[in-house]
Amino acid sequence: YIPRSKVLGWRSGEVVVFENGVTEYKHPVTQAYSKIFYSNCALRGSCYNCPYTDFNRPGDLTIADYWGIEQKRPDLYQKEGVSMILVNSEKGESFLNSMDTITLSKTEKNTIIKEKQPHLFYPVKQPDTYEKFWREYKEKGWSYIIKKYAECEKFSLNHRRVDRIKDIKPLMGSKYVQSNAFTCFDYVLKDIELGKKVLFVGTPCQVAALKKLQDKGKNNLLLVDFVCHGVPSQMLVKEHIRYVESF
């Protein structure tokens, strides 16, 4: 489980790699942990009073994602991500100066945007639901918590990506259900950029959406839509699954 994978760039999100090599990207269940993390309910109590949320750092160097760099230094922005390194001591500066295998660009402190790097300025705020969160976790367990605080249902319907013939069987057969294809779109666009040959199969509306997103100069994407009867709402499908499980 990789909670902050960079496989598709800066905003890739969570990735789970199973023993058989199958990769799930941004699956609702894998995202549950991150949703709870960013709710700020699950942090240690000391984090809400952290003394290290300013520029007086304990380390010789401080590293972070350079969120907001595109606003202050668009010339340095890369969609794959830009790292920030704060030099806090002579030792840190000497170490950086000795590095000849990475590309460094010097920026000024005023390129750091407070709203993008809030925890260089103040600690995270303890949410009003903090005590309730921990009480409910102790009383009702994790499965209850992820459904309530991460809005995560066990079953969610998503497009799936495979890169081996032996993994294609689960994709076969009719699936007249509304599915979330947008995370799959990220994979498609990245694979196209890497020069891989990509086959995408979806409803006509999904194919049309992807067609608008693709780089028209690339010729390695084959789009396949099907004659569609229409798709029901995911809400109804989930309701049916719950109904079946109740027996």
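Computed from a predicted structure; not experimentally measured.

Colleague: Explain the overall build of the protein chain here, please?
Modeller: Of the regular secondary structure elements, the protein chain holds eight helices and seven strands. Across the 247 residues of the protein chain, 29% fall into the buried class. Counted over contacts in the protein chain with a minimum sequence separation of 6, partners at least 24 positions apart contribute 61%. For the protein chain, the exposed surface amounts to about 17200 Å²; the carbon and sulfur share of it is 55%.

Colleague: So what exactly am I meant to see when it comes to unusual backbone geometry here?
Modeller: Trans is the common state for peptide bonds, and a negative phi is the common state for residues other than glycine. Residue Asn40 is not a glycine yet carries a positive backbone phi of 70 degrees. Considering the arrangement of structural elements, one finds Asn40 in the loop between helix 1 (28–38) and strand 4 (61–65).

Colleague: Mind showing me how you'd approach a nonpolar patch on the surface here?
Modeller: Judged by side-chain polarity, Tyr33, Phe37, Tyr38, Tyr137 and Trp142 come together as a nonpolar surface patch covering roughly 540 Å² of accessible area. With three residues, the top contributor of residues to the nonpolar patch is helix 1. Turning to its location among the elements, Tyr38 is positioned in helix 1.

Colleague: Looking at this structure, I do not really get helix 5 (residues 142–149). What am I missing?
Modeller: Think of an α-helix as turning once every 3.6 residues; residues three or four places apart then point the same way. Turning to helix 5, its buried residues are Ile145, Ile146 and Tyr149. One face of helix 5 carries all of its buried residues, which in axial projection span an arc of 95 degrees.

Colleague: Teacher, can you tell me more about the pairing of strand 7 (residues 221–225) here?
Modeller: Regular strands show a simple pattern: their side chains alternate between the two faces of the sheet. Pairing analysis gives five bridges linking strand 6 (residues 198–202) to strand 7, with the strands arranged parallel. Note on strand 7: the bridge partner recorded for Gly202 is Asp225. After leaving strand 6, the chain enters helix 7 (residues 204–213) and then returns to the sheet as strand 7, a path that is right-handed.

Colleague: For this particular structure, what's the right way to read the pattern of salt bridges?
Modeller: Oppositely charged side chains can form a pair if their charged atoms are brought close together. In this structure the tally under the stated criterion is five salt bridges. As a salt-bridge pair, Asp75 and Arg73 come within 2.9 Å of each other at their nearest N and O atoms. Here Lys196 ties to Asp191 by a salt bridge, and the two come within 3.9 Å at their closest N and O atoms. Several salt bridges share partner residues, and in doing so they unite Arg161, Asp191 and Lys196 into one network.

Colleague: Honestly, the packing of aromatic side chains in this entry has me stumped. Any pointers?
Modeller: Enumeration according to the criterion identifies seven aromatic pairs in this entry. Ring centres 5.3 Å apart and planes at 80 degrees place the aromatic pair Tyr48 and Tyr130 in the edge-to-face group. On the criterion of sequence distance, the pair formed by Tyr48 in the loop between helix 1 and strand 4 and Tyr130 in helix 4 (residues 130–140) is long-range, its members being 82 residues apart. As far as burial versus exposure is concerned, Tyr48 and Tyr130 are alike and both buried. Through successive ring pairs, a cluster of aromatic residues spans Phe133, Trp134, Tyr137 and Tyr149. Lying over the aromatic face of Phe55, Lys109 brings its terminal NZ or CZ to 4.1 Å of the ring centre. Of note, Arg161 hangs over the ring of Tyr187, and the distance from its end group to the ring centre comes to 4.4 Å.

Colleague: Can you walk me through the packing of helix 4 against helix 5 in this structure?
Modeller: Helix-helix packing: each pair is described by the crossing angle between the helix axes and the interaxial distance. Following both chains from N to C, one finds helix 4 and helix 5 inclined at 140 degrees, their axes separated by 7 Å at the closest point. By the criterion of interaxial angle, the relationship of helix 4 to helix 5 is oblique. Where helix 4 approaches helix 5, its residues Lys132, Phe133, Glu136, Tyr137 and Lys140 are matched on the opposing element by Trp142, Tyr144, Ile145, Lys148 and Tyr149.

Colleague: How do you make sense of the pairing of strand 5 (residues 83–87) when you look at a structure like this?
Modeller: Only one face of strand 5 is buried, namely the one carrying Met84 and Leu86, since none of Ser83, Ile85 and Val87 on the opposite face is buried. As paired elements, strand 4 and strand 5 share five bridges and run antiparallel to each other. By the bridge assignment, Leu61 is partnered in strand 5 with Val87.

Colleague: It is not clear to me how the side chain of Gln117 should be interpreted in this structure. Could you clarify?
Modeller: When you line up the elements, Gln117 lands in the loop between helix 3 (90–97) and helix 4. For Gln117, the contacting residues outside a window of four places in its chain are Ala64, Asp65, Tyr66, Trp67, Met84 and Ile112.

Colleague: How should the nonpolar core be read in this particular structure?
Modeller: Nonpolar side chains tend to gather and get buried jointly when the protein is soluble and globular. Membership of the largest hydrophobic core is limited to 10 residues, which are Ala181, Cys184, Phe185, Val188, Ile192, Val198, Phe200, Val207, Leu210 and Leu221. Taken together, the elements giving at least two residues each to this core come down to helix 6 (182–193), strand 6 and helix 7. In terms of residue count, helix 6 provides more of this core than any other element does, four residues in total.

Colleague: Would you mind showing me how to read the confidence of the model for the protein chain here?
Modeller: Note: predicted coordinates in regions of low pLDDT should not be interpreted at a detailed level. For the protein chain, the mean per-residue pLDDT works out to 78, and 77% of the residues sit at or above 70. Averaged over each element, pLDDT in the protein chain is lowest for helix 8 (residues 234–245) (57) and highest for helix 4 (92).

Rules of the game
All residue numbers here refer to positions counted from 1 along the written sequence of the relevant chain. Since the coordinates come from a predicted model, pLDDT governs what is reported: local features require at least 70, and pairs of side-chain atoms require 80 or more to be given and counted, while whole-chain, interface and lining totals use all residues. Calculation of side-chain values draws on the structure's entire complement of heavy atoms; hydrogens and water are dropped beforehand. Runs of E in the DSSP output that reach at least two residues are strands. Runs of H or I that reach at least four are helices, and both are numbered from the N terminus. Throughout, exposure labels follow a simple rule: accessible area from a 1.4 Å probe, protein chains only, divided by the maximum for the residue type, with under 20% read as buried, over 50% as exposed, and the rest as partly exposed. Residue contacts are defined here by distance: any two heavy atoms, one from each residue, within 4.5 Å place the two residues in contact. Every accessible area reported is derived by Shrake-Rupley at a probe size of 1.4 Å, with residue values counting cover from the shown protein chains alone. Patches draw on residues past 30% relative accessible area with no salt bridge. Two like charges within 9 Å are joined, as are two nonpolar side chains (Val, Leu, Ile, Met, Phe, Trp, Tyr) within 5 Å. In the sections that follow, a salt bridge refers to a side-chain nitrogen of Lys or Arg positioned within 4 Å of a carboxyl oxygen of Asp or Glu. The directions considered for the arc run from the helix axis to the C-beta atoms. Any two strands with at least two DSSP-identified bridges between them are counted as paired. We call a crossover right-handed when, viewed with both strands directed away from the observer, the connection leading from the first strand over the helix to the second proceeds clockwise. Put simply, two rings from Phe, Tyr or Trp (the six-membered ring, in Trp's case) pair if the centres are within 6.5 Å, and we call them stacked under 30 degrees between planes, edge-to-face over 60, tilted for the rest. Whether a charge sits over a ring comes down to the Lys NZ or Arg CZ being within 6 Å of the ring centre and within 35 degrees of the ring normal. Axis definition: a line fit to C-alpha positions, over the contact stretch in the case of helices; interaxial angles, taken between N-to-C directions, run 0 to 180 degrees. The cut-offs work like this: below 35 degrees is roughly parallel, past 145 is roughly antiparallel, 65 to 115 is roughly perpendicular, and the gaps in between are oblique. Within this scheme, the nonpolar core is defined by two criteria: the residues are buried Ala, Val, Leu, Ile, Met, Phe, Trp, Tyr or Cys, and they are joined through side-chain atoms within 4.5 Å. Each residue carries a pLDDT score, the predictor's confidence in it, ranging from 0 to 100.

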